Every structure is written in structure tokens, then in C-alpha cells.
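Close look at the chain arrangement
One letter stands for each residue in the lines below.
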Amino acid sequence: MSEAEIIDGKAFAKRLRDRVTVAVATLKADHNLVPGLTVVLVGEDAASQVYVRNKGKQTQETGMISDTIRLDAATPEQELLDLIEKLNGDDAVHGILVQLPLPDQIDEAKVIAAINPDKDVDGFHVVNVGRLWTGATAPVPCTPYGCLQMLKETLGDLTGKRALVLGRSNIVGKPMAALLLNEHCTVTIAHSRTVDLPERCREADILIAAVGRPEMVKGDWIKPGATVIDVGINRIEAPEKGEGTTRLVGDVDFESAKKVAGHITPVPGGVGPMTIANLLRNAVIAACRQNGLDAPDL
Ligand code: GUN
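This text gives an overview of the structure that appears in the document. (Residues numbered from 1 in each chain as written. Predicted model: local features only at pLDDT ≥ 70, side-chain atom pairs only at ≥ 80, totals over all residues. Heavy atoms only, no water.)

This part takes up the side chain of threonine 75. The topology assignment puts threonine 75 in the loop between strand 3 (65-71) and helix 3 (77-88). A polar contact is formed between the side chain of threonine 75 and the backbone oxygen of aspartate 72, at a distance of 2.5 Å. Setting aside chain neighbours within four positions, we find threonine 75 in contact with Val42, Leu80, Gln105 and Ile106. (Helix = DSSP H or I, 4+ residues; strand = E, 2+ residues; numbered from the N terminus. Polar contact = N/O pair within 3.5 Å; in protein donor to acceptor, adjacent residues only side chain to side chain. Contact = heavy atoms within 4.5 Å.)

Now the structure itself:
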């Protein structure tokens, strides 16, 4: 039996970063405009430290101005809100990203609401969520938009396809559903309490797994030939590699799924690299809009 084609997210992301780099050089040459992206990290969360370091590095590589502000884990909420207000008023900062999760003393919703929606490169502000669901122009959450780009490159027109989004988070599941709906898919949002979940998954031409449960989706949950996008990044123990070692797996059981799917993203090297590339894209677009320029087609 033939195996699924692997969707190479790393290669997609590289091409997108290259387009962003060209756009940044053009903005500088034609308008003396250098997009600026500021990332705020509160605390010491290990995974967040890695993401934030990569964001900073890749932002610089495109020629943008990158700033990373690291705050102590005990930072009071008001101090973070004051910082956001300062960044909102800084014309050299076009994009603001506050890395999530935040420590318990800080209300995430309050922090997201404090960011100027035009500088909200995550697309998490309620104004941008509303714009997305009403079909208006808005910064779009980076991970789901990366999934959509890979789907469109792989499948072309998505009109009429049955899509199932497994997971209902504000960061991935809900915006993913909105994006697929905007592409004229018939969309189901499923989650951990969905009845007959394997059957519902088997109906889908496009299956997006974003529940955060290691290898939950098995090969026999997948419609033969379906396109499977695995958003999960789960670290599990890997005793086969030696005592105390770990490995990354997705929400999809890759070995059984690749025997059934038509196309599938791997973990790592699938959706992950697309997230930062789209953050860079959002920062360039935000800089253009804030300066009354047409955003480039990226
Ligand atoms: N933490 C995990 N993913 C994300 C993301 O896309 N944006 C922010 N701000 N924090 C995150």
C-alpha cells in the first residue's frame, strides 16, 4: 500500500521567510521603514524560552528590528499593562507579542485586551477575532494560518471539503475553524467530549489535530486519502532511546496514520516552523498598515 506524502513545513516556512526578507528590504529601500517586533516574556517557562529565542533570531535574520523584553516571573499585572501601553505608543514598534502562558497573578485576557489591535501580531485581541469571523481584514493567528497555507498549497481550492478541527482553543482550534469556513469548507469543531469521535474524524477530507494529547488520532480514525495536519507538540518519554530520554510527538499516531492518509505533516518539521514564519509575515503587514502602505502579498 502506498504511504501518505509528507508535507514539508520546514521548506514551506523557509520560502515564506525568504519572501518576508525581500519585503523588509523593499520597505527599507523604498520607504525608509524598518518593521519592529517586540516580544515580551514573563517568567522562566522552558518551552517559552526556546520559542522566544527562535522568534528573536528569525526576526533579526529578516532584517527587522527585534526586541525581546524579559520580565521576572513575579512581575505584577499592572507593570506588564504599563509596558504594553508604552509599546502601544512607540512608533518604532509595529508588532507586540506577549508570550503565553503567563504566570498565575496575571490575567491573560486583560493583557491581550491591552494590546493595540493593529499591533496584535498574534491576532488574539477580541477585535481581531471579530474581524476574522466577520470576514474583515485582520492579523490572523500564526499557527492556524500556517496550517491553511499548507492545505492550500497541497490541495488547491478547498471549497466544499469536509474539514474537522479537533480542539477548540482560542490559539488554534477556533481560528482554524474560521479560516476553513472562509475557504468554503464544511467545518466541524470536535473536542475531548465529542461523541463517536473516531467516526466523526473518518468523515473528514481534512483533519486538523490540535488537542494536545500525544498520538491520540489513530490510523483507523482517518478517511483513506485525507489530508492530516498535526498541530500537537508533545514531549513523551522514549525509553527505547535510553533511560531518561524524551522525544517529540504530535496529536496523531504518525506511523499508523501515514498508511491511510493522502498527505500528512510530521512532528517535528510540520506545522511548528510555520508559526514563527507567519509571525514575521504579520509584523511586516502591521508595519505597512500603520504607515498607510499597501501590505505586500506574502
Ligand atoms: N504560546 C504558545 N503559542 C503561542 C502563540 O502563538 N502566541 C503567543 N503569544 N504565545 C504562545
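Bringing a negative patch on the surface into the picture now. Residues Glu44, Asp72, Glu79, Asp82 and Glu85 make up a contiguous surface patch of negative charge. Residue position: glutamate 44 is located in the loop between strand 2 (36-42) and helix 2 (46-61). Judged by relative accessible area, glutamate 44 falls into the exposed class, the value being 59%. (Patch = residues over 30% accessible without salt bridge, like charges linked within 9 Å, V, L, I, M, F, W, Y side chains within 5 Å. Areas by Shrake-Rupley, 256 points an atom, 1.4 Å probe, with all protein chains shown as cover. Salt bridge = Lys/Arg side-chain N within 4 Å of Asp/Glu carboxyl O. Lys, Arg positive; Asp, Glu negative; His and termini not counted. Charge placed at Lys NZ, Arg CZ, Asp CG, Glu CD. Buried < 20%, exposed > 50% of the residue type's maximum accessible area, 1.4 Å probe, protein only.)

Before going further, it helps to examine the nonpolar core. Ranked by internal contacts, the top residues of the largest apolar core, which has 51 residues, are Val20, Leu180, Ile208, Ile229, Val231 and Val284. Those elements that provide at least two residues to this core are helix 1 (9-31), strand 2, helix 6 (142-155), strand 5 (162-166), helix 7 (173-182), strand 7 (206-209) and helix 10 (272-290). If near-sequence neighbours (up to four positions away) are discounted, isoleucine 229 is found in contact with Ile7, Cys147, Leu151, Leu207, Ile208, Ala209, Thr265 and Val271. (Core = buried A, V, L, I, M, F, W, Y, C linked by side-chain atoms within 4.5 Å.)

Looking now at the pattern of salt bridges. The full count for this structure, using the stated rule, is 11 salt bridges. Between arginine 202 and glutamate 199 there is a salt bridge, with the nearest N and O atoms lying 4.0 Å from each other. Linking arginine 202 with glutamate 199, this pair stays in helix 8 (residues 197-202), spanning three residues, or about one helical turn. Among the residues examined, glutamate 199 registers a relative accessible area of 37% and is labelled partly exposed. Residues participating in the shared-partner salt-bridge network are Glu3, Glu255 and Lys258.

Taken in spatial order, the six strands line up as 1-11-8-7-5-6 in an open sheet, and their pairing is parallel. Looking at the sheet topology across the chains shown, the edges are occupied by strand 1 (5-6) and strand 6 (186-190). Judged from the five bridges that link them, strand 5 and strand 6 form a sheet pairing that is parallel. Residue leucine 164 lies in a different strand from strand 6, and its bridge partner there is threonine 188. Running at roughly 170 degrees to strand 5, helix 7 makes contact with strand 5, strand 6 and strand 7 of the sheet. (Pairing = 2+ DSSP bridges. Axes fitted to C-alpha atoms, helices over the stretch in contact; angles between N-to-C directions.)

Moving on, we get to helix 10. Helix length check: helix 10 (19 residues) gives 28 Å between terminal C-alpha atoms against 27 Å at 1.5 Å per residue, within 8%. Positive phi appears at glycine 292, one or two residues downstream of helix 10, with a value of about 70 degrees. (Expected span 1.5 Å × (residues − 1).)

Neighbouring residues of the ligand: Leu97, Val98, Gln99, Leu100, Asp122 and Phe124. Between valine 98 and the ligand, the recorded distance is 2.8 Å, taken from a backbone N or O atom to a nitrogen atom. Taking glutamine 99, its side chain carries an N or O atom lying 3.2 Å from a nitrogen atom of the ligand. Expressed as a share of its isolated accessible area of 270 Å², the protein-covered part of the ligand is 82%. Of the residues in the shell around the ligand, the class split is four nonpolar, one polar and one charged. (Near = heavy atom within 4 Å. Nonpolar A, V, L, I, M, F, W, Y, C, P; charged D, E, K, R; others polar.)

This part takes up the environment of leucine 37. Here leucine 37 shows up in strand 2. For leucine 37, a relative accessible area of 2% corresponds to the buried category. Put simply, leucine 37 and isoleucine 189 are 152 residues apart on the chain and 32 Å apart in space, counted from C-alpha to C-alpha.

What follows concerns a nonpolar patch on the surface. The grouping of Val129, Trp133 and Leu181 at the surface amounts to a nonpolar patch, some 260 Å² of accessible area in total. Mapping valine 129 onto the fold places it in helix 5 (residues 126-133). By relative accessible area, valine 129 is classed as partly exposed at 35%.

Along strand 5, four of the five residues are buried, which leaves the element largely enclosed by surrounding structure. For the segment spanning strand 5, helix 7 and strand 6, crossover handedness is right-handed. Pairing geometry for strand 5 and strand 7, over four bridges, is parallel. Paired with alanine 163 across the two strands is isoleucine 206, which belongs to strand 7. (Right-handed = clockwise from strand over helix to strand, strands pointing away.)

Spatial ordering of the open sheet is given by 3-2-4, a layout of three strands whose pairing is parallel. Each having just a single partner strand, strand 3 and strand 4 (95-98) make up the two edges of the open sheet. The sheet shows a mean angle of 15 degrees between the axes of neighbouring strands, taken without regard to direction. Bridging between strand 2 and strand 3 involves seven bridges; their strand directions are parallel. Bridge assignment links valine 42 to a residue of strand 3, and that residue is leucine 71.

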